Amino acid sequence: MTGEPAGSPWSSLQRLGAGTLRLPGEPGFAAASEAFNKRYAGIHPSAVLSVASPGDVGRAIEWAREHDVPFTVRGRGHSYAGGSVGTDLVFDLSGLGGVQVDPSTGRVVVGGGARMGSLADELAKYDLMIPLGNSDDVGVGGLVLGGGVAGVSRVYGLTCDALLETEVMLADGSTVTCNEVEHADLFWACRGGGGGNFGVHTSFTLQAQPVPAISTCLMVWPWAHAVDVIVTAQELMRRAPDEFAVRIGASRSTDSWVSVAGQYLGPAHELRELLIPVLAVAEPSRIEIIDQDFWAARRYRRHATSADAFAVRSRFARQPLSTDAVATAVAAIDRWPGSSCPDGAGIALFTWGGAVNRMPAGATAFPHRDTLFLLSMDTSWTSEDSPDVRTANLAWLHALYDQMGSFTSNAAYVNFPDPDLANWRTAYYGANLARLADVKRRYDPDRVFCHAQAI
Ligand SMILES: Cc1cc2nc3c(=O)[nH]c(=O)nc-3n(C[C@H](O)[C@H](O)[C@H](O)COP(=O)(O)OP(=O)(O)OC[C@H]3O[C@@H](n4cnc5c(N)ncnc54)[C@H](O)[C@@H]3O)c2cc1C
């Protein structure tokens, strides 16, 4: 920190030496604090502390409590709802980015601020894998604490199902190791309870598995086939083996299209057979069904959510959406008001089920274990767009969300946090809410870890 007056409220934090403190305008301030979702670009913290060790985290929490300074925990900043931005102090965990793999046991220790890409790169050296999403920059911490769904989840479960242990720095500055034996109730809560609720997780120990052989598919059809493709692809997935998972998408930008992208833990010739019903609907305008190396497939399926401003809402479906429901969504996409963001708007159905559903809903805090699809609805705009464009896009998304309520449950995925969700407590946590609130009361009675949708 430069030029900081001795009497400034931050000078004692600076003297603590618990990492690098940056104030607005200083080099590195924006990179350490800005939200991935530019919808929250106007929210700036008063200061950012980039910690470099678990000890830094403990000292920083003690300092914040002593000086009554509210803080927000930032893993890698990818919360859809700006969950890691705030106007007070931000603890930037990106310095806790290490990954250590023990190839003899498959146990992997990941720092609390590690990127998914760093974890994937280390795992690739040993041909091991953990169910991970398809983005490199998303934080492992945010992913695992909220659940974490991946293309292999129907066989290997969620990311949080691979969690063996986590080190947590609690509100009182003490550290606990929690696993099935020690602090088992906190361990339960950390698997699906969502980030920023119980403490700062300085490390996660996860169980990796040998990588499977896989093939991938990507098919795109003209918009005229949207309803038939989505209805047929859902039916196909209802009967599909767990080894097969897809994202069924309906998107609109300058053009509109429908797509099925997925991966199969088996050879491409078997995948092609599985796809026969949806290929029979109409000739795709693009089709790729190929055998792939596991890591090449991860790169191939790399998912890029809008890098500008966006909003996402989610619901769960226990059955395939009816033709009526799909036609409703497709008609809504036709009415998208538009924006200057090339990412446009749309819906995506992510296959759930298999190993995710074989775990009882109360076994971890993650409750959505009776579902077939996660329905994600999104829209995007840019900072160049007028406030009216933003308002029209949000109104469009809320209307679509409401319309889909007739066909889906009101449950929502905490890792797709939704600031506009009135019933977020029951939507995210269902029957696990009461137990989560009890764990919160015991581990953070003063609600030191607090954000707009904190338990
Ligand atoms: C491009 C993209 C792709 C995605 N793909 C997938 C996917 O395939 N599957 C999936 O399930 N989800 C996916 N997501 C959603 C993702 O799981 C969440 O956005 C996740 O919470 C982001 O974590 P983060 O650390 O980057 O974000 P942050 O905004 O830093 O953190 C999110 C929340 O977790 C808290 N937190 C983070 N780290 C810690 C920690 N160490 N200790 C305590 N609290 C912490 C923060 O305080 C905040 O409340 C994707 C998101 C994006 C943007």
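J.: Go over the overall build of the protein chain with me, naming the residues and quoting the values.
T.: Across its full length, the protein chain holds 16 helices and 18 strands. The C-alpha atoms of the protein chain give a radius of gyration of 22 Å, which matches the 23 Å a tight globule of 455 residues would have. When the backbone C-alpha atoms are referred to their principal axes, the protein chain occupies close to 70 × 55 × 40 Å. Within the protein chain, residue pairs in contact and separated by at least 24 positions form 71% of the contacts whose partners lie at least 6 positions apart.

J.: Explain the site of the ligand to me, and be specific about the residues and the numbers.
T.: Taken together, 35 residues sit near the ligand, with Gly75, Gly133, Gly139, Gly142 and Gly195 positioned nearest. Where the shell around the ligand is concerned, the elements lending two or more residues are β3 (71-74), α5 (140-146) and β10 (200-207). Looking at side-chain class alone, the shell around the ligand contains ten nonpolar, 23 polar and two charged residues.

J.: Pulling in residues and values, what's your account of the sheet that holds strand β16 (residues 309-317)?
T.: Spatially, seven strands are ordered β15-β12-β14-β13-β17-β18-β16 in an open sheet, and the strand pairing comes out antiparallel. Every other strand in the sheet has two partners, leaving β15 (286-292) and β16 as the edge strands with one partner each. Within the sheet, the average angular offset between the axes of one strand and its neighbour, ignoring direction, is 15°. When strand β12 (residues 214-222) meets strand β14 (residues 256-264), the two strands line up antiparallel, connected through eight bridges. Paired with methionine 219 across the two strands is valine 260, which belongs to β14. Strands β12, β13 (244-252), β14 and β17 (345-351) of the sheet are contacted by helix α8 (residues 226-239), whose axis makes an angle of about 165° with β13.

J.: Hey, could you go over the sheet that holds strand β9 (residues 175-178) for me, with residue numbers and the actual values?
T.: A sheet is described by the order of its strands in space; here five strands give the open sequence β5-β6-β10-β8-β9, paired in antiparallel fashion. Two strands in the sheet have a free side with no partner beyond their single neighbour: β5 (99-102) and β9. On average, each strand axis in the sheet is tilted by 10° relative to the strand beside it, whichever way the strands run. Sheet topology note: the strand β8 (residues 163-169)/β10 ladder contains six bridges and is antiparallel. Residue pairing in the sheet places valine 168 in a bridge with histidine 201 of β10. Lying on the sheet, helix α3 (residues 54-66) is in contact with β8, β9 and β10; it crosses β8 at an angle near 45°. Taken strand by strand, helix α4 (residues 116-125) contacts β5 and β6 (107-111), and its axis lies near 30° from that of β5.

J.: Residues and numbers for the nonpolar core, please.
T.: Residues Leu49, Phe91, Leu186, Ile230, Ala233, Ala329 and Leu375 are the most contacted members of the largest nonpolar core, which totals 133 residues. Ranked by residue count, the leading element in this core is α8, at eight residues. Those residues in contact with alanine 329 that sit more than four places away from it in its chain are Ala250, Ile347, Leu400 and Met404.

J.: So, the packing of α8 against helix α12 (residues 323-334): which residues are in play, and what are the values?
T.: At a minimum axis separation of 9 Å, α8 and α12 run at an interaxial angle of 135°. Taken together, the axes of α8 and α12 are oblique relative to one another. Crossing geometry of α8 relative to α12 is assigned as right-handed. Packed against α8, whose contacting residues are Ala226, Val227, Ile230 and Val231, the element α12 presents Thr323, Val326, Ala327 and Val330 at the interface. When its residues are assigned to classes, the contact of α8 with α12 shows seven nonpolar, one polar and no charged.

J.: Break down the domain arrangement of the protein chain for me, citing the residues and quoting the values.
T.: In terms of domains, the protein chain is made up of domain 1 (11-92), domain 2 (99-210) and domain 3 (214-419). Each partner contributes to the interface: domain 1 provides eight residues, whereas domain 3 provides ten residues. Residue composition of the side of domain 1 that touches domain 3, by class: three nonpolar, three polar and two charged.

J.: Kindly report on the environment of arginine 299, identifying the contributing residues and their values.
T.: Looking at the element boundaries, arginine 299 is found in helix α11 (residues 294-300). Remark: the alpha-carbon pair of arginine 299 and asparagine 134, spanning 165 residues in sequence, is separated by 7.5 Å.

J.: Describe helix α14 (residues 387-404), and please don't skip the residues or the numbers.
T.: Taking 1.5 Å per residue, 18 residues should reach 26 Å; α14 reaches 26 Å between its end C-alpha atoms and fits that length. Within α14, the full set of buried residues consists of Asn393, Trp396, Leu397, Leu400, Tyr401 and Met404. The buried residues of α14 occupy an angular sector of 135° when projected down its axis, which confines them to one face. Away from its buried face, by an angle of more than 90 degrees, α14 presents the exposed residues Pro387, Asp388, Thr391, Ala395, Ala399 and Asp402.

J.: Could you give an account of unusual backbone geometry, naming the residues involved and the relevant values?
T.: Located in the positive-phi region is aspartate 127, a residue other than glycine, with phi close to 55°. Here aspartate 127 lies in the loop between α4 and β7 (128-129). The exposure class of aspartate 127 is partly exposed, given the 13 C-beta atoms found within 10 Å.

About the cut-offs
- Counting restarts for each chain: residues are numbered from 1 in the order of the written sequence.
- Where local features are concerned, this predicted model is filtered to residues with pLDDT of at least 70; where side-chain atom pairs are given and counted, the filter is 80 or more; whole-chain, interface and lining totals use all residues.
- Each helix is a run of H or I in the DSSP string that is no shorter than four residues. Each strand is a run of E no shorter than two, and both are numbered from the N terminus.
- When we talk radius of gyration, it's over C-alpha atoms, and the globule rule is simply 2.2 Å times the number of residues to the 0.38.
- Contact criterion: two residues are in contact if their C-beta atoms, reconstructed from the backbone, are within 7 Å.
- Put plainly, near means the residue's C-beta atom, positioned from the backbone, lies within 6 Å of the molecule or strand in question.
- Asp, Glu, Lys and Arg are counted as charged, while Ala, Val, Leu, Ile, Met, Phe, Trp, Tyr, Cys and Pro are counted as nonpolar; the rest, among them Gly, fall into the polar class.
- When DSSP locates at least two bridges between a pair of strands, those strands are taken to pair.
- Orientation is described by lines fitted to C-alpha atoms, with helices fitted over the stretch in contact, and by angles between N-to-C directions that extend from 0 to 180 degrees.
- Residues of type Ala, Val, Leu, Ile, Met, Phe, Trp, Tyr and Cys that are buried and joined through C-beta atoms within 7 Å form what is called a nonpolar core.
- To sort residues by burial, count the other C-beta atoms lying within 10 Å of each one's C-beta; a count of 20 or more means buried, 12 or fewer means exposed, and anything in between means partly exposed. C-beta atoms are built from the backbone.
- In what follows, roughly perpendicular refers to angles from 65 to 115 degrees, roughly parallel to angles under 35, roughly antiparallel to angles over 145, and oblique to any angle outside these ranges.
- Handedness of a crossing follows from how the near helix is turned relative to the far one, being left-handed for an anticlockwise turn of less than a right angle and right-handed for a clockwise one.
- Those domain boundaries reflect an automatic or database domain assignment.
- To estimate the expected span of a helix, count its residues, drop one, and scale the result by 1.5 Å.
- The reported arc concerns the directions from the helix axis to the C-beta atoms and nothing else.

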